[in-house]
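Fold and geometry: a report
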Amino acid sequence: IDLTVFDEFAGRHFLDQHPEFKPVIGFSKQSYENKNLYLMSARDYPGARSLLSLFNANLSAMKKTGEMRAIALKHRLPCSLLLPAEDAAAEAACRE
């Protein structure tokens, strides 16, 4: 196989589990497609609205304190998950 489409996070996890493939597998600098991730809950799940509000509040707090940045760096996740998509300068600064 010369080329395949692979989710970057799953690909990096695979390489962590199988380091023997690191010399022969690489990632394109240009992504094929970017998709947002969403947390969803059934409307009739008890406390669904408060659970989602609590999640969003804590996610916002983690971004403000830098905890999300630390997680992204530790697990080699793109900082763009934490920043507006058009903020390339912030992405570069996040990696410093």
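Since we're looking at a predicted model, the values are computed, not measured. (Residues numbered from 1 in each chain as written. Predicted model: local features only at pLDDT ≥ 70, side-chain atom pairs only at ≥ 80, totals over all residues. Heavy atoms only, no water.)

Some thoughts on the overall build of the chain
Broken down by element type, the chain carries 4 helices and 0 strands. Counting helices and strands in the order they occur from the N terminus, the chain gives α-α-α-α. The 96 residues of the chain split such that 10% are buried. Long-range pairs, those at least 24 residues apart, make up 20% of the contacts in the chain between residues at least 6 apart in sequence. Summed over all atoms, the accessible surface of the chain reaches about 8,500 Å², with 58% contributed by carbon and sulfur. (Helix = DSSP H or I, 4+ residues; strand = E, 2+ residues; numbered from the N terminus. Buried < 20%, exposed > 50% of the residue type's maximum accessible area, 1.4 Å probe, protein only. Contact = heavy atoms within 4.5 Å. Areas by Shrake-Rupley, 256 points an atom, 1.4 Å probe, with all protein chains shown as cover.)

Here's the deal with the pattern of salt bridges
The full count for this structure, using the stated rule, is 1 salt bridge. A salt bridge links Asp16 to Lys22; the nearest nitrogen and oxygen atoms lie 4.0 Å apart. On the accessibility criterion, Lys22 (40% relative accessible area) is partly exposed. (Salt bridge = Lys/Arg side-chain N within 4 Å of Asp/Glu carboxyl O.)

Side note on the packing of aromatic side chains
Summed over the entire model, instances satisfying the criterion amount to 1 aromatic pair. Here Phe14 and Phe21 contribute two aromatic rings whose centre-to-centre distance is 5.6 Å and whose plane-to-plane angle is 35°, an arrangement assigned as tilted. Against the face of Phe27 rests Arg12, its NZ or CZ located 4.3 Å from the ring centre. (Phe/Tyr/Trp six-rings, centres within 6.5 Å; stacked < 30°, edge-to-face > 60°. Lys NZ or Arg CZ within 6 Å of the ring centre and 35° of its normal.)

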